[in-house]
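# Commentary on secondary and tertiary structure
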Amino acid sequence: MFDIYNDFKEKENVLKLVSLIDEEVGGYNRKVKIMEVCGGHTHSIMKYGLNRMLSRSVDFIHGPGCPVCVMPVSRIDIAIYLSRLENVILTTYGDMMRVPGSKSSLIKERGNGADIRMVYSPLDIIKLAQENKNKKIIFYAIGFETTAPMTAALIEQIKVHGIENIFFYINHVLVPPPIEAILDLCDSEIDGFVGPGHVSVITGVEIYNNIVVKYKKPVVVSGFEPFDILMSVLMIAKQINRRFSRIEIGYTRAVKQNGNKKAQELVNKYFEIRDSFEWRGLGYIPKSALKLKEKFKDIDAESLFRDYIYDNLANNKVVENQVCKCGDILKGKLKPNECPLFKKSCTPDNPIGACMVSHEGACAAYFKYFDDF
Ligand code: SF4
């Protein structure tokens, strides 16, 4: 029907898809609830007004796909403790700097004298380490399956070049476990999932098997153009109507069934799956994140500074902000505009929660693009 390599740029194809979706869902007496897992999709949906275009047939539920947003306060507190160590330069990506921990944030710590640097790529850290040979450089690594290969590539480089002053605070998380945790919530009414494009480029699509087999929910992996997202929604709606659930790829321009084998091998060389990891709003989820393998504990900041971290966590209670609704938004229970602080005391200039800080966060997307209609 459409040529996905060329037709995604044409406005009339977008409008055609909207009417096909409305037609497909027309037989229901309710809107279908579709969760877009990835923060990049949330921004496209809001930016191009896809939620408005499909207001009769689809309720977009925003998922836990923003890596900054899902970091719990305890993990931010640990980064802050690490930044306070003597002779340490803590490095991380820009958005992480402003996310509030219990009592502080990395940007406040920098203002108080901690040496905290923003990096654009993990490979920037090699230069920093070479220029500061008398310092320990700790990389506060965050992100989903998409960015884990970049961290693994950095480890590969430091091993090859014998660099001894780079250490890792690993916070790489995995997409399927939080989706399953959301589906396990008894009040979850999600009909299907728009699967993340960038993650699937790396992992391939079999990681979603459990969602379609055990939970019987369609998963369609999508690109980021309006056409891509609408095409994926149409594919999901067709599955729902025909009462089957399977994994489909709506982003064949980039995603292959088996993903990127080289990237997977690099990740498997250095990382293994944690028994459990805490997520903002979702609590501890089994097997939902990566850690360095035991044989690399010489570069694992969590292992090297274990006692120091535990002492700080024991002496300083981890305090969640009780008014911020990020946790409920990440579970798909609330929309950002339903938070009483949205656009009032919480704005991108004065963010109260992680979902407003991150450029992939749902609250930031609503702040930029949402208007009542
Ligand atoms: S608007 Fe601000 S306070 Fe409310 S949920 Fe979003 S980040 Fe938290």
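Residues numbered from 1 in each chain as written. Predicted model: local features only at pLDDT ≥ 70, side-chain atom pairs only at ≥ 80, totals over all residues. Heavy atoms only, no water.

What follows concerns the pairing of strand β7 (residues 192-195). Across the two faces of β7 the burial is the same, with Gly192 and Val194 and Phe193 and Gly195 all buried. One ladder, built from three bridges, connects strand β1 (residues 32-38) with β7; its direction is parallel. Each residue of the ladder has a partner; that of Glu36, found in β7, is Val194. Relative to strand β8 (residues 219-221), β7 runs parallel, the two being bridged by three bridges. When the bridges of β8 are listed, Phe193 appears paired with Val219. (Buried < 20%, exposed > 50% of the residue type's maximum accessible area, 1.4 Å probe, protein only. Helix = DSSP H or I, 4+ residues; strand = E, 2+ residues; numbered from the N terminus. Pairing = 2+ DSSP bridges.)

This paragraph deals with the pattern of salt bridges. A complete count under the given rule lists 17 salt bridges for this structure. Across the pair Glu131 and Lys127 runs a salt bridge, and its minimum N-O distance is 3.3 Å. Residue Glu131 and its partner Lys127 are located together in helix α6 (residues 124-131), separated by four residues, close to a single helical turn. The class for Glu131 is exposed, based on a relative accessible area of 53%. (Salt bridge = Lys/Arg side-chain N within 4 Å of Asp/Glu carboxyl O.)

Once that is clear, we can look at the domain arrangement of the protein. Per the domain assignment, the segments making up the protein are domain 1 (7-66 + 184-249) and domain 2 (73-172 + 259-315). Between domain 1 and domain 2, the contact holds 11 residues from the first and 10 residues from the second. Buried surface at the junction of domain 1 and domain 2, summed over both partners, amounts to about 760 Å²; 72% is from carbon and sulfur atoms. Taken as a group, Pro64, Val199 and Ile202 account for 59% of the area that domain 1 buries against domain 2, more than any other trio of residues on that side. Counting across the domain 1 and domain 2 interface gives zero salt bridges. The dominant element in the side of domain 1 that touches domain 2, judged by the number of residues it contributes, is helix α9 (residues 197-203), at six residues. (Domains from an automatic or database assignment. Contact = heavy atoms within 4.5 Å. Buried area = accessible area lost by both parts, 1.4 Å probe.)

A few words now on the sheet that holds strand β4 (residues 116-118). What links the strands of a sheet is backbone hydrogen bonding, and the strands pair in either a parallel or an antiparallel sense. If you walk across this open sheet you meet the four strands as β4-β3-β5-β6, and the pairing is parallel. Either end of the sheet is taken by a strand with one partner, and the two such strands are β4 and β6 (166-172). Geometrically, the sheet is characterised by an average inter-axis angle of 20 degrees between neighbouring strands, direction not taken into account. Here strand β3 (residues 88-92) runs beside β4; their pairing, made up of three bridges, is parallel. Bridge pairing in β4 links Thr91 to Arg117. Here α6 sits on the sheet in contact with β3, β4, β5 (136-143) and β6, set at roughly 165 degrees to β5. Across the sheet, helix α7 (residues 148-160) touches β5 and β6, and the angle it forms with β6 is around 165 degrees. (Axes fitted to C-alpha atoms, helices over the stretch in contact; angles between N-to-C directions.)

Now for the state of the cysteines. By the definition in use, this model includes two disulfides. Across a sulfur-sulfur distance of 2.3 Å, Cys66 and Cys69 are joined as a disulfide pair. The sign of the 75 degrees torsion about the S-S bond sets the Cys66-Cys69 disulfide as right-handed. The pair formed by Cys66 and Cys69 is uniform in burial state, with each residue classed as buried. Each bonded cysteine in the protein gets a number by its place in the sequence, and the pairs come out as 1-2, 3-4. (Disulfide = S-S within 2.5 Å.)

Okay, helix α8 (residues 176-184) next. Of all nine residues making up α8, eight are buried, and the element is well covered by its neighbours. Those residues of α8 that sit buried are Pro176, Pro177, Pro178, Ile179, Glu180, Ala181, Ile182 and Leu183.

What follows concerns the sheet that holds strand β2 (residues 58-65). The strand order β2-β1-β7-β8-β9 describes an open sheet built from five strands, whose pairing is parallel. Only two strands of the sheet have a single partner each, and these edge strands are β2 and β9 (247-249). The average undirected angle you get between the axes of adjacent strands in this sheet is 25 degrees.

Orientation of helix α2 (residues 39-47) relative to helix α17 (residues 362-369), taken along the N-to-C sense of each, is 15 degrees, at an axis distance of 9 Å. The angle between the axes of α2 and α17 places the two elements in the roughly parallel class. For the crossing formed where α2 meets α17, the hand is right-handed. Contacts between α2 and α17 involve Thr42, His43, Met46 and Lys47 from the former and Ala362, Ala364, Ala365, Tyr366 and Tyr369 from the latter. Across the contact of α2 with α17, the residue classes break down as six nonpolar, two polar and one charged. (Parallel < 35°, antiparallel > 145°, perpendicular 65-115°, else oblique. Left-handed = near helix turned anticlockwise from the far one by under 90°. Nonpolar A, V, L, I, M, F, W, Y, C, P; charged D, E, K, R; others polar.)

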